[in-house]
Amino acid sequence: MLTFAVERRFHRGMTSYKMQYDVVVVGGGHAGCEAATAAARMGASTLLVTMDMNKIAQMSCNPAIGGIAKGQIVREIDALGGQMGIVTDATAIQFRMLNRSKGPAVWSPRAQCDRGKFIWKWREMLDQTIGLDIWQDQVEELIVENGTAVGVKTMWGVEIHAKSIIITAGTFLNGLLHIGRCKIPGGRIAEPAVTHLTDSITRHGISTARMKTGTPVRIDRRSVHFEDMEIQDGEHDFHRFSFMGSDRPLKQLTCWICYTNNEVHEVLRSGLDDSPLYNGQIQSIGPRYCPSIETKLVTFPEREQHMLFLEPEGETTNEMYLNGFSSSMPMNVQIEALRRIPALRDVKVYRPGYAIEYDFFDPTQLKHSLESKIISGLFLAGQVNGTTGYEEAGGQGLVAGINAAIHCGGGQPFVMHRDESYIGVLIDDLVTKGVDEPYRMFTSRAEYRILLRQDDADARLTEKAYQLGIATRERYDWWMQKKEAVNRLIQLCQKTPIRPKEVNGSLEHLGTTPLHYGCKAIDLLGRPQINMSVLMEMVPALKETIMALPNRQEEITEAAEVLMKYKGYIDRERIIADKMHRLEDIHIRGHFDYQNMTQISIEARQKLQRINPETLAQASRIPGVSPSDINAMLVMIGR
């Protein structure tokens, strides 16, 4: 049985504590929460250390989960037994499936959430996790002995010893907040920075650098002229984030759209001299794909307007989030610019937007398990690895938590390949390529995105999670029931004959070519005009089978339809992925002296020496390592 102990010690009239756990998680953000629950559910005695128990899983920026590729990550977290999808469904106030006009490979769920209820739902999840404790404190030092992380020290003098340490400190490491020319230390607005932890890690040879992110102004909805805005409604179909989710319990709300204009831009341009992004105050790099409004003006000077989304922060609050107006301009400039938008002419704000600079660690110093290559037993996850976004953080946290628990018992690390999950793509990109700007996931980053759809995350990952011990029996049983039902529908469509005289009238009505010969039902489904809803009306036996399903009829039907309709594309991509697996099976770490390999380019030698890839496939993905370099290495392996 894994242990937990508290030792009470007295030093010159002062009381201090010494704790012992298997896993200690530093930071209660999205990465930390997933890491802590994962490690505990795998049987490791786990302690989550957070500065404020009332801000667990705080949504520091937009109170929304999902989006392009990010939604796929959340579905994968859920399929693996993580909690983000369940919490999101329970607190969603608007849901949409993005990219509907494109194929299912890029469909991406997104939900606006109630910020306050999201925190308390996560807190409920943590409180109900057996083997997980919470300690409110600030970690200031990593304890390392003989190259191994063995614990942490806190600002209150507490020593917490553990077999695995997971750092998920978000933007708090030497965080510095900027509004105009004003700058103050902080990890988030009104929250202190962590000033010593970075040094206690880098003194052991781990390199660090700085990044920047930002967030928009928060607006009082009572001051908004909604009649001058466009409505953006949500969707109310069967789609959810969690495969175990139920109906969304909260009231579903409307979002709104408005635009900047030339007057807005002129006000903002007048304040550029006081912008910390352009007066030299901020030196670090911000996110390319979520730029501030002032960056948009400088980068796209020809644009006459930029779209903004006004989104509710909660079910009952008047606070609203202005998506697209991230800024660190002086607050008077921000507010004056907003008042040049017709719908916001009388706007009142709760607080202005701000930027934050913070420390991150070079992720190429990590293994695919997210354990440090330099300090054994130290795992890093989330924004400390150079990523941006709750979803990317949660995915890393889950993997770090699983592997931290495995590390306690000396087992083989849990690693996902690029054809298994977006989380696998994310981690492989980080540890193989590194980052020079905050990393955000997109579907375009995944070369096997037809295999990594949001609808089949359970098919890819739930059985793995159950074998690890993180997915519950209930989740596993539900997946097996769904798997059997999907296969039954596919087999029925493969066997059911279709006669021309029975369907030609319907086919002509749909604008598709009538049949001249009989075929199977699955052949009709391949036509773009026909989906399962249409096919059900043509094939009574199919409709009877679907209607007889005990639950989740729409989810099962969609899963079966995608597998049949896109079978050719799926099979072709599977063949390509399997070929790449041959390189994944060739382990090269420790087999080459890269500095003296004259058969490959100088750049390749330098990159391979620095990253020290585990497999030949990983080596092939390192920027600067060419196909000819890989071929040379293959020849040398053969020798």
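The rules behind the values
- By convention here, each chain's residues receive numbers from 1 onward along its written sequence.
- Restriction of local features to residues with pLDDT of at least 70 applies here, the model being predicted, together with a cutoff of 80 or more for giving and counting side-chain atom pairs; totals for whole chains, interfaces and linings are based on all residues.
- To obtain the side-chain values, all non-hydrogen atoms of the structure were included, while hydrogens and water were left out.
- Per residue, pLDDT captures the predictor's confidence, and it can take any value from 0 to 100.
- Any two residues having at least one pair of non-hydrogen atoms within 4.5 Å are treated as being in contact.
- Per the convention used, a helix needs a DSSP run of H or I reaching at least four residues, while a strand needs a run of E reaching at least two, with both numbered from the N terminus.
- In protein, a polar contact requires one atom able to donate a hydrogen and another able to accept it; more generally it is a pair of N or O atoms within 3.5 Å, and residues adjacent in sequence count only if both atoms are side-chain atoms.
- Between buried and exposed lies partly exposed: a residue is buried under 20% and exposed over 50% of the maximum accessible area for its type, with that area taken using a 1.4 Å probe on protein chains only.
- Here is how to tell: hold the view so the strands point away, follow the path from the first strand over the helix to the second, and if it runs clockwise the crossover is right-handed.
- Lining residues are those with an atom within 4 Å of a point, where the points come from a 1 Å grid over the protein atoms alone and group into cavities, where a 1.4 Å probe fits but cannot get out, or pockets, open sets with protein on both sides within 12 Å along at least five of seven lines.
- Grid points are joined across faces, edges and corners, and a volume is the space filled by probe spheres set on the points.
- Note on residue classes: Ala, Val, Leu, Ile, Met, Phe, Trp, Tyr, Cys and Pro are nonpolar, Asp, Glu, Lys and Arg are charged, and everything else, Gly too, is polar.
- Here, the term nonpolar core denotes a set of buried Ala, Val, Leu, Ile, Met, Phe, Trp, Tyr and Cys residues that are joined through side-chain atoms within 4.5 Å.

(A) Up close: the confidence of the model for the chain. Scored by pLDDT, the chain comes out at a mean of 93, with 97% of its residues at no less than 70. Note on residues 1-14: pLDDT is under 50 here. Beyond four places in sequence and across chains, it has 30 contacts.

(B) Seen up close, the environment of glutamate 266. Relative to the assigned elements, glutamate 266 resides in helix H6 (residues 262-270). Engagement of the side chain of glutamate 266 in a polar contact is seen with the side chain of arginine 269, the distance being 3.1 Å.

(C) Region of the structure containing the pairing of strand E4 (residues 46-50). Most of E4 sits inside the fold, with five of its five residues counted as buried. The two faces of E4 match: Thr46, Leu48 and Thr50 on one face and Leu47 and Val49 on the other face are all buried. The handedness of the strand E3 (residues 23-26) to E4 crossover, carried by helix H1 (residues 30-41), is right-handed.

(D) Here's a closer look at empty space enclosed by the protein. Within the structure shown, the criterion is met by three cavities of 30 Å³ or more. Taken as a whole, the largest cavity holds about 60 Å³ of empty space. Lining the largest cavity are His417, Arg418, Asp419, Glu447, Tyr448, Ala577, Met580, His581, Glu584 and Arg621. Considered class by class, the residues forming the lining of the largest cavity number three nonpolar, two polar and five charged.

(E) Looking closely at the nonpolar core. By size, the foremost hydrophobic cluster in this structure holds 127 residues, and its most contacted members are Leu378 and Leu535. Here the element with the most residues in this core is helix H9 (residues 390-409); it accounts for ten residues. Excluding anything up to four places from it in sequence, leucine 378 contacts Leu142, Ala149, Ile165, Ile167, Ile201, Ile206, Leu370, Glu371 and Ser372. Residues Cys258, Ile293, Leu297 and Ile341 belong to the second largest nonpolar core, which totals 26 residues.

(F) Inspection of the environment of methionine 564 at higher detail. Its place among the elements puts methionine 564 in helix H17 (residues 553-565). Classification of methionine 564 as buried rests on a relative accessible area of 8%. Sequence separation between methionine 564 and glycine 526 is 38 residues, and the spatial gap between their C-alpha atoms is 7.5 Å. Residue contacts for methionine 564: discarding those within four places in its chain leaves Ile490, Cys493, Ile522, Leu525 and Met532.

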